[in-house]
Amino acid sequence: MHSFLIFTIVYALTLANAYVIPFRRNDTGETASSVVTLSVTRPSASPPASVVTVTVTATPTSMTSSTSLPSTTDAPSSSSSTSSVLTTSSLSTPAPSASTIPSSSSQKFVVAHHMVGNTFPYTLQDWIDDVTLAHASGIDGFALNVGSDDFQKAQVSNAYEAASQSGLDFKLFFSLDMTALACASADDAQALRSWVQTYMSHPNQFIYGNKAFVSTFSGESCTFGQSSVTEGWKTQFVQHPDLSNNVFFVPSFFVDPATFSTFKDVMHGDFNWNSAWPVELTTDVANSLLSDTSASLKTLLSTNTLSGLESALTKFIGSTETDQQHLQGLSTLGDGLTSRDESSELVYMASVSPWFFTHYGPDSFNKNFVYLGDQHLYSRRWEALIDSRDKFDIVEINTWNDYGESHYIGPIKGAQPNSEAWTDGMNHTAWLGLTRYYATAFKTGAFPDVDKDQIYMWARPHSVLAEAQADSFEDAVWAVVLATAPATVTLSTSDTNSQTFDVPAGLSKLSISISAGDTMKGVIERDGDAVVELSPESFSFQGSPQTYNFNAFVASASAE
């Protein structure tokens, strides 16, 4: 089977709560080399959904083509020399021009989710370094994800002290992780209030609507010993005398947004955690896609018509459909909020993320799934948010340092949650340059001038079809170029696989296929001279890895 086939060969046993958008890879049992499985489920924290599985028992036919993977930039490919790859559709999503970015009278903020649970060995200097780097990358603050570990209290204190010592306008707020914090009794609520009370008057506390901003991860089942979830959060937290109604509560409750009205005495806004990834793919959508290709699987396995399915899937990359659903649900809170707080201000906090892969076995966290991150997910989600910035108040980046789920953009440090197998050597800080570019556009309403040529490249370390020796998407290098003026960009993965693109000034999204044994290289040329060259020596695309690793290797280079 060709390595560009989007459906991946899978292993037989399905893990509990496995969630793959859109293509599932299971790897805990006997090999079933002729089975293709498409699964669409939701993580346990989200509303339940069913699974659709399609199997093909015939051994698939290899597919080849002389055409390289098309660029996702508007600029045409001027020349190419490639090995055989599967033809895919050209998927163009240019960044909104300055004239099309909607204006907004409200101030915008960009924050990043910071896992305090991964900071056990942090010193005060580590926090200062994180604050300084995040601020330089266009990030206004950290959402401090806190759980039940005792050491986290000291680290939160360090975080606030670091923000103060930095001298920067950098804010912090709690993201109460209700999958880890107890919430069955009134005493449990008192512990949460204590977290908030300690820092609500701190000069670096994020204040919104003249109140201390507080968020959560989950919490939709917490009653704190009261008769209902709403009564629990209302009487024991938001309106409890300890907090004197001085919190601006924007939780991430994994509930149907059509039910938000039941939380009108609790919520000041909504954080849509899952909006970062294309999780809106449901069973019905999957069935529809398969229906559209009814001779489909047999045909897809033996012809080049896969491009039609891929084109259909790309509409979900960066989509704001789920944002619109949450905004509609949020609108039902207006009356309750006005009567409670003498204000009708409601906040919607969207999320953005570059990646998602986690690979824990049943002997630990039992999390083994991926979300679709191909097709320049990070860029296209940002561009969608910028294009609708008049509707969104805050963007939260998932995440700064969640190594276990591979969506970190900060440096790898602190205490990893046994994720070294897929994070060692996989630094993601190159994404910070793109973060600064997009965050600036979201907050100001105008894309910043590109003052120096830059190139960003990322890829998985091995094929989606690799057969691991000790373990039971699309094989491409994704690139983004920021050019000060029109230029020629050449991407290559080997002596026989390269492609040259003519790019305009500004941002261009490019890609090129990659095969086992390849590397990655990108060169920006202008007037016959190379102005930027990126060729990371530590990257090699593996054919037969020891274990599966669908994390991303990320690198960047810029002109001096």
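My aim in this report is to walk through the structure given alongside it, one point at a time. (Residues numbered from 1 in each chain as written. Predicted model: local features only at pLDDT ≥ 70, side-chain atom pairs only at ≥ 80, totals over all residues. Heavy atoms only, no water.)

1. Remarks on the state of the cysteines
In total, this model carries one disulfide according to the counting rule given. With its sulfur 2.2 Å from that of its partner, C183 forms a disulfide with C222. Judged by the sign of its S-S torsion, about -70°, the bond between C183 and C222 is left-handed. Remark: C222 occurs in the loop between strand 8 (211-217) and helix 4 (229-238) and C183 occurs in the loop between strand 6 (171-177) and helix 3 (186-199); sequence separation between them is 39 residues. For the pair C183 and C222, a shared accessibility class is recorded, and that class is buried. (Disulfide = S-S within 2.5 Å. Helix = DSSP H or I, 4+ residues; strand = E, 2+ residues; numbered from the N terminus. Buried < 20%, exposed > 50% of the residue type's maximum accessible area, 1.4 Å probe, protein only.)

2. A closer look at the pairing of strand 15 (residues 454-459)
The element strand 15 is largely enclosed, with a buried count of six among its six residues. With burial as the criterion, each face of strand 15 is covered, one bearing Q454, Y456 and W458 and the other bearing I455, M457 and A459. Pairing of strand 15 with strand 16 (residues 476-483) involves five bridges; the strand directions are antiparallel. Paired with I455 across the two strands is V481, which belongs to strand 16. Where strand 15 and strand 22 (residues 553-558) come together, six bridges link them in antiparallel fashion. Bridge pairing in strand 22 links A459 to F553. (Pairing = 2+ DSSP bridges.)

3. Considering the pairing of strand 4 (residues 109-115)
With seven of its seven residues buried, strand 4 lies for the most part within the structure. Every second residue of strand 4 is oriented toward a common face, with F109, V111, H113 and M115 on one face and V110, A112 and H114 on the other, all of them buried. For strand 4 and strand 14 (residues 394-397), the ladder comprises four bridges, and the chain directions are parallel. Opposite V110, over in strand 14, you have V395 as the bridge partner. Here strand 4 runs beside strand 5 (residues 141-146); their pairing, made up of five bridges, is parallel.

4. What to know about helix 8 (residues 321-331)
Those residues of helix 8 lying buried are T322, D323, H326, L327, G329 and L330. All buried residues of helix 8 lie within an arc of 160° about the axis, which places them on one face of the element. (Arc of directions from axis to C-beta.)

5. A few points about the sheet that holds strand 22
Within a sheet, adjacent strands bond to each other through the backbone by hydrogen bonds, running parallel or antiparallel. Ordered by their spatial adjacency, four strands build an open sheet running 19-16-15-22, and the pairing between neighbours is antiparallel. Of all strands in the sheet, those bounded by a partner on one side alone are strand 19 (506-513) and strand 22. Across the sheet, the mean angle from the axis of one strand to that of its neighbour is 15°, orientation sign disregarded. Where helix 12 (residues 431-444) meets the sheet, its contacts fall on strand 15, strand 16, strand 19 and strand 22, and the angle it forms with strand 15 comes to roughly 120°. (Axes fitted to C-alpha atoms, helices over the stretch in contact; angles between N-to-C directions. Contact = heavy atoms within 4.5 Å.)

6. A few points about the pattern of salt bridges
Applying the stated criterion across every chain, the model contains 10 salt bridges. Between D242 and R193 there is a salt bridge; the shortest N-O distance is 3.0 Å. Taken together, the residues span a long stretch of sequence, with D242 in the loop between helix 4 and strand 9 (247-250) and R193 in helix 3 at a distance of 49 residues. Residue classification places R193 among the buried residues on the basis of a relative accessible area of 5%. Here D453 makes a salt bridge to R526, at a shortest N to O gap of 2.8 Å. (Salt bridge = Lys/Arg side-chain N within 4 Å of Asp/Glu carboxyl O.)

7. Let's talk about helix 1 (residues 124-136)
In this model, helix 1 (13 residues) spans 18 Å end to end at C-alpha, consistent with the 18 Å of a helix rising 1.5 Å per residue. W127, I128, D130, V131 and A134 are the residues of helix 1 that are buried. Looking straight down helix 1, one finds its buried side chains confined to an arc of 160°; they lie on one side. Its buried side turned inward, helix 1 meets strand 4, strand 5 and helix 2 (151-166). (Expected span 1.5 Å × (residues − 1).)

8. A short note on the packing of aromatic side chains
All told, the structure shown has 39 aromatic pairs when counted by the stated rule. Taking the centre distance of 4.9 Å and the plane angle of 80° together, the rings of F142 and F170 count as edge-to-face. Taken as a pair, F142 in strand 5 and F170 in the loop between helix 2 and strand 6 lie far apart in primary sequence, 28 residues in all. With a centroid separation of 5.7 Å and 40° between ring planes, the pair formed by F173 and F206 is classed as tilted. (Phe/Tyr/Trp six-rings, centres within 6.5 Å; stacked < 30°, edge-to-face > 60°.)

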